[in-house]
Amino acid sequence: MTVQHNYNDFCKPKLNKLLSALKLDKNYIKAEGNYLFTDDGKEVIDFVGGFGVSILGHNHPTLINEMKAALDNRVAINSQCSVRSESANLAQLLNEYIDNGQNYKVNFSNSGAESVEAAIKHAYKVHFDKVRREYERITRILNDFYYKVEREGIDVELPGDENDLIDFRNDLDEYNLNQFESFQKSPVIAGLKGSYHGKTCSPLKVTFNKSYREGFEGLSSIQSAFVDHDKPERLKELVNEMACVFYYPVLVGGKVEIHTLKITRVMAFIMETLQGEGGIKPVPEETLSQLASIHDELKIPFIIDEIQTGCGRLGSIYSYQNTALNAIAPEYITLSKSLGGGLVKIGATLIRGDIYDQDFGILHTSTFAEDDLSARVAIKALELLKENDSELLKRVNVQGGKLLSSLETLQKRYPEIIKNVRGKGLMIGVELTPLRSRSPFFRATGKQGVLSMLVASYLLEYHNIRLLAPLTTMLKGNPGKNRMSILRVQPPATITDEEIDALLTAFTEVLDIIQSNNEYLLVAHLIEQKLSPEQRQTPVTMEVKWPFNEEQSHIDARTGFIVHPTKVQHLIDYFFPSFERYEWSESAMKGWWNNIARFLEPVHVKRNYITSRDFILENNLVFVPYLPEYLVQEKEAYLEQEVRDKVQDAVTIAKELGDDNIPVSIIGLGAYSSIVTNNGITVNDYESPITTGNAYTAALTLQGMMFAANNVQPPIDITQAEVSVVGAAGNIGSVLSQILALQVGRLCLVGSGSSTSELRLKYARKTCLAEIIKAIKTELNAGVTFEHTQLAGVGKRVYELILSSGESQQLKFFNDVQEQADIDYLSKQLDLILTQYHSDEYEQLFLIRADFSQLKSSDIVVVATNSPDDELIKTDMVRPGAVVCCASVPSNLSQSFEKETNKYLAFDGGLSALPEQSEIKFVGMPENGLAYGCLAETLILGFEGQNHSFCKGPLSSEHVYQVMSMAEEHGFELGNLKLNNNVLLTTKDSTTVNA
Ligand code: PMP
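These numbers come from a predicted model, not from an experiment.

**Section: unusual backbone geometry**
Across the junction of Q713 and P714, the peptide omega takes the value -10 degrees, indicating a cis bond. Of note, P714 is situated in the loop between α24 (694-711) and β24 (722-726). The phi torsion at D99 lies on the positive side, around 55 degrees, for a residue other than glycine. Along the chain, D99 falls in the loop between α5 (85-96) and β4 (104-109). Its identity is not glycine, yet Q917 carries a phi of approximately 55 degrees, on the positive side. Tracing the backbone through its elements, the reader meets Q917 in the loop between β30 (911-913) and β31 (930-932).

Spelled out as structure tokens, the structure:
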């Protein structure tokens, strides 16, 4: 266990988190033959085979003996720069198996990527030398021409509008130098789409997967050009298009003609015969044959990357020899993985003798390359493959054939789940479908490639079988795009029929589970539930909930809205409806989900159509997987960033749902997605405008609160009432306070009690003063005197207090109010006056509390917090008869309010009624034509045709007033006052239901 802990901390912490979320974080302490052994005593059949390395099985006894013998004889591992006889023997052996009449020089290294690196470096040097020599020759020609014309005083007609010989020479010189440098700056390597050649800088350039490449693009100047499998002839065009063209003058009669010399910048073409990491994709035989036929004409070297396919994996030492490519003598062949027999780390780059650059062996060295120990083991490994008339190599094909055909049979049985089975020898891939017809969890994980990892997890847990997906599956992909869900089956040649049968039985079991649409059975072990063999083997079929709704053809506008589960139950309702049938624990589910959610992408979950006055708006919900606790909990900076990135991905997904005709005009940030992005400030909104939706939430909260105050028995006179705002320092809370300050009798600003709470509340109080000043200023400008002021409650009293301050103070202040534009300055001044002259009353008008003590005396309590606590506000904190309006999502109102609706009018505020009986149905959303204010605001802006961000960053009262008038325009209004699913007060006919 200590080892795992260390791995967690010191090695690959994020990868380990994923492995642990999938229970793939086993500590294997022993490996033998076809098995790996865990520290808790499990024997696991290894179908991963070290990602292709262990064709001979783990720790082959002959290789161990060879290694032991070498060590017993004190093999000279470190005799660099001497005659490395074992390496020479290995090189000779590798040549013997080629048999194409060529002699290959072999550069040894320590890994696959290094052997590709060496091939690329060599190809670059050869090509660079050629380009350089041609450039130098052209420069000489130009120089000779110049001196000849100059010295001999020949009268020449220069081409184009050139008339000065020196300028002409300099221009050509400069142009040719640019061409030469264009090769240096961007030499090209061509490769096949889907390829994988390693992760050091140069091989990475020809590794197709963008996720691996893009963050490191600038590290190497190599330009990559990828060709489709079915368009190999495109290579010819590339070689032709990507070229340096040198110009040189030729004197013909008295005229100077410009001649050209073209050299391609494509220095090599690299390929695997069967792509491994790219998803076990055999390159079609037709492509290989076309490539072979254009090889000579292309005049660029071919690098055949046999790192995974070679040394036995496909039943031969060099797989290309069994394909049409055998017609050519490849310039380079790279090997690694199985070459070391699974025991030593070794790579080899075979370079055809006729193109070999003699200096390369001096220029390119590596301390550990060519060591005698690795070479000896590699020789033995090759001999093992070849012994007894290549018995093992033949077995690769026999067992591979059995595996392939039985997996193909499975595919025929489960065509909805297995998209494709493919491969050769013992390199087989099973690709799963995106499972569009299954429930949301299967659809999402199928689309994102994560399903293959879940299958791997299941097989390991219940059947002690190790299968894995390519590593790419574990990386963040292009948001919203399909990613292959593929399992790699790459066991040792010694795999037995029984072991293959065990795989098939286990695989069938998990396929049945997927077929029956039962998520619970697939993930139960991850949430600490035990399943009986019977439960697993006879899975209960679950109906498909939440099938994806197809697009409606006629729409006028589109919006997007980011949601996330605000309770575990929402997660269950949407992703795991099968859980309702079984036992599960909320805390285990929460724990697991918080781990795995990091590795899940946002999902487009729903399209809804809302109509207002014949205008149809399509709203798209995009679901970010995180739960509220995870979003707001204090976490390391990189996790904060990850969360922000995920919201950004959700925004990108939403944006891409639009098209040229009807783009997604605005994207709302629901619930905590606005909080974690600092109210949208960190979101890239230059391509897709955003809104936090906070303005309409605030508007509805105020409207709901007023409505409740008028309808509660006895009604509450707002202008006399004491109102507490819980969360007054927050984005919504502070705007609510500002607006309420102009209306209510006394305002209590309540904070979270954190260390900065008081400071933040004082700031919020100043923003309230600013609002009062703005109102006074408007009235003064309109010539309205105090006697006729519209200000009420706190605002009016503050106005009065200013008037009762010393005359000079007053004069100065009102003067400033009329002349100064700086509201911040003015509110500071007012704060000073009130503190200095009316401190007692000031404190009574604007109470500041970092705890909930004041709620008990408040007539109205408004709640707008970021807290995920669903018991934050309890009945015993407020006084009977009080109105409690909570705008937080998830709600902060304790369940106890539901039982005492006759004592308190407590409701979830911020709900809007949608126009024209439109409905938005999704988990966690209010029903019966209601919508959260933030979503409603997004829709309103969609109807409005707003094409720039609306509420982003701090919210202002102007936003609130603006959105109120837009809402009215488009038929949105305050919805019924509800607590959970109970309607307490209907807004249409003002009947009190329970209060
Ligand atoms: N080329 C191919 C075809 C490979 O499959 C791999 C490894 N998966 C590499 C290169 C890189 O090898 P390594 O991981 O040893 O650097």
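**Regarding the nonpolar core**
Core analysis: the biggest nonpolar cluster contains 272 residues, and L94, F507, F576, W592, W593, L747 and F846 have the highest contact counts within it. If you tally residues by element for this core, the top one is helix α13 (residues 372-413), at 15 residues. Those residues within four positions of W593 in sequence are excluded, and the remaining contacts are F441, L571, F575, F576, L600, P625 and L627. Counting 17 residues, the second-largest nonpolar core is a separate cluster that includes A118, A119, I270 and Y356.

**Here's the deal with the pattern of salt bridges**
Scanning the model with the defined rule gives 49 salt bridges in all. In this structure, the salt-bridge partner of K231 is D230, at a minimum N-O distance of 4.0 Å. Under the relative-accessibility criterion, K231 is labelled partly exposed at 39%. Note on D230: relative accessible area 57%, which makes it exposed. For R607, the salt bridge goes to E618, with nearest N and O atoms at 3.8 Å. Here R607 is found in strand β20 (residues 603-612), whereas its partner E618 is found in strand β21 (residues 615-623), with 11 residues between them in sequence. Its relative accessible area of 10% is what places R607 among the buried residues. Here the residues in one salt-bridge network are K125, D129, R132, E136 and D357, joined through shared partners.

**A closer look at the pairing of strand β29 (residues 905-908)**
In β29, alternate side chains face the same way, and those of L905 and F907 on one face and A906 and D908 on the other are all buried. As paired elements, strand β28 (residues 883-886) and β29 share 4 bridges and run parallel to each other. Note on β29: the bridge partner recorded for V884 is A906.

**As for helix α26 (residues 757-781)**
Relative to the 36 Å expected for 25 residues at 1.5 Å per residue, α26 spans 36 Å between its end C-alpha atoms, a close match to the ideal helical length. Just downstream of α26, G783 is the residue with a positive phi angle, here 75 degrees.

**Comments concerning the packing of helix α19 (residues 568-575) against helix α20 (residues 586-596)**
Interaxial distance between α19 and α20 falls to 10 Å at its minimum, and their mutual angle equals 75 degrees. In this view, α19 runs roughly perpendicular relative to α20, as classed from their interaxial angle. Residues V568, L571, I572 and F575 of α19 form the contact with α20, whose participating residues are E586, M589, K590 and W593.

**Brief notes about the sheet that holds strand β32 (residues 973-974)**
The strand order β31-β30-β32 describes an open sheet built from 3 strands, whose pairing is antiparallel. At either margin of the open sheet sits one strand with a lone partner, and together these are β31 and β32. Relative to β31, β30 runs antiparallel, the two sharing 3 bridges. Among the inter-strand pairings, S912 is bridged to a residue of β31, identified as A931. In the packing of helix α32 (residues 933-944) onto the sheet, contacts are made with β30 and β31, and the angle to β31 comes to roughly 100 degrees.

**With respect to the site of the ligand**
Taken together, S111, G112, A113, Y196, H197, G198, E272, E277, D305, I307, Q308 and K337 are the residues near the ligand. G112 is positioned with one of its backbone polar atoms (N or O) 2.8 Å from an oxygen atom of the ligand. One nitrogen or oxygen atom from the main chain of Y196 is found 3.5 Å from a nitrogen atom belonging to the ligand. Expressed as a share of its isolated accessible area of 390 Å², the protein-covered part of the ligand is 83%. The class makeup of the residues in the shell around the ligand is 3 nonpolar, 5 polar and 4 charged.

**Description of empty space enclosed by the protein**
Applying the stated rule across the entire model yields 4 cavities of 30 Å³ or more. For the largest cavity, the calculated volume is near 180 Å³. Those elements that provide at least two residues to the lining of the largest cavity are β19 (557-563) and α32. Of the residues that constitute the lining of the largest cavity, the class distribution is 13 nonpolar, 5 polar and no charged. Estimated volume of the second largest cavity: approximately 50 Å³. Considering the residues around the second largest cavity, the lining is formed by 13 residues, among which F108, I346, E370, D371 and S374 are closest to the centre. When residues of the lining of the second largest cavity are traced back to their parent elements, those giving at least two are α5, β4 and α13. The residue inventory of the lining of the second largest cavity, partitioned by class, reads 6 nonpolar, 4 polar and 3 charged.

**Re helix α4 (residues 61-72)**
Taking 1.5 Å of rise per residue, the 12 residues of α4 would be expected to cover 16 Å, and the 16 Å separating its terminal C-alpha atoms lies within 8% of that figure. If you check which residues of α4 are buried, you get L63, E66 and A70. Seen from one end, α4 has its buried residues packed into an arc of 60 degrees, which puts them on one side. Exposed residues lying more than 90 degrees from the buried face of α4 are P61 and D72. In this fold, the buried residues of α4 make contact with α13. Downstream of α4 by one or two residues, R74 has phi in the positive range, about 55 degrees.

**Re the packing of aromatic side chains**
Applying the stated criterion across every chain yields a total of 41 aromatic pairs. The ring of Y212 carries the charged tip of K199 above its face, separated from the ring centre by 4.3 Å. The lysine or arginine in question, R765, covers the ring of Y842, its NZ or CZ lying 4.3 Å from the ring centre.

**Some words on the packing of helix α6 (residues 112-152) against helix α7 (residues 165-185)**
It is the contact of α6 with α7, at a shortest axis distance of 10 Å, that shows an interaxial angle of 180 degrees. Judged on the interaxial angle alone, α7 and α6 are roughly antiparallel. When grouped by side-chain class, the residues that make up the contact of α6 with α7 number 17 nonpolar, 5 polar and 4 charged.

**Details of the environment of S186**
Here S186 lies in the loop between α7 and β5 (188-192). With 475 residues separating them along the chain, S186 and N661 place their C-alpha atoms 39 Å apart.

**A look at the sheet that holds strand β17 (residues 465-466)**
If you trace the 4 strands from one edge of the open sheet to the other, you get β1-β2-β3-β17, paired in mixed fashion. Two strands close off the open sheet at either side, each with one partner strand: β1 (28-32) and β17. The sheet contact formed by β1 and strand β2 (residues 35-38) spans 4 bridges and is antiparallel. Within β2, the position partnered with K30 by the bridge is F37.

**Re the side chain of H197**
Turning to its location among the elements, H197 is positioned in the loop between β5 and α8 (201-205). By relative accessible area, which is 2% here, H197 ends up buried. Separated by 2.8 Å, the side chains of H197 and D305 make a polar contact. Apart from the residues lying within four places of it in its own chain, the contact partners of H197 are A113, V116, P203, V206, T207, I270, M271, E272 and D305.

**Details of the environment of G449**
Turning to its location among the elements, G449 is positioned in the loop between α14 (440-447) and α15 (450-463). A C-alpha to C-alpha distance of 13 Å links G449 and I596, two positions 147 residues apart in sequence.

Cut-offs applied
- Residues numbered from 1 in each chain as written.
- Predicted model: local features only at pLDDT ≥ 70, side-chain atom pairs only at ≥ 80, totals over all residues.
- Heavy atoms only, no water.
- Helix = DSSP H or I, 4+ residues; strand = E, 2+ residues; numbered from the N terminus.
- Core = buried A, V, L, I, M, F, W, Y, C linked by side-chain atoms within 4.5 Å.
- Buried < 20%, exposed > 50% of the residue type's maximum accessible area, 1.4 Å probe, protein only.
- Contact = heavy atoms within 4.5 Å.
- Salt bridge = Lys/Arg side-chain N within 4 Å of Asp/Glu carboxyl O.
- Pairing = 2+ DSSP bridges.
- Expected span 1.5 Å × (residues − 1).
- Axes fitted to C-alpha atoms, helices over the stretch in contact; angles between N-to-C directions.
- Parallel < 35°, antiparallel > 145°, perpendicular 65-115°, else oblique.
- Near = heavy atom within 4 Å.
- Polar contact = N/O pair within 3.5 Å; in protein donor to acceptor, adjacent residues only side chain to side chain.
- Areas by Shrake-Rupley, 256 points an atom, 1.4 Å probe, with all protein chains shown as cover.
- Nonpolar A, V, L, I, M, F, W, Y, C, P; charged D, E, K, R; others polar.
- 1 Å grid on protein atoms, 1.4 Å probe; cavity = no way out; pocket = protein on both sides within 12 Å on 5 of 7 lines; lining within 4 Å.
- Points joined across faces, edges and corners; volume = space filled by probe spheres on them.
- Arc of directions from axis to C-beta.
- Phe/Tyr/Trp six-rings, centres within 6.5 Å; stacked < 30°, edge-to-face > 60°.
- Lys NZ or Arg CZ within 6 Å of the ring centre and 35° of its normal.

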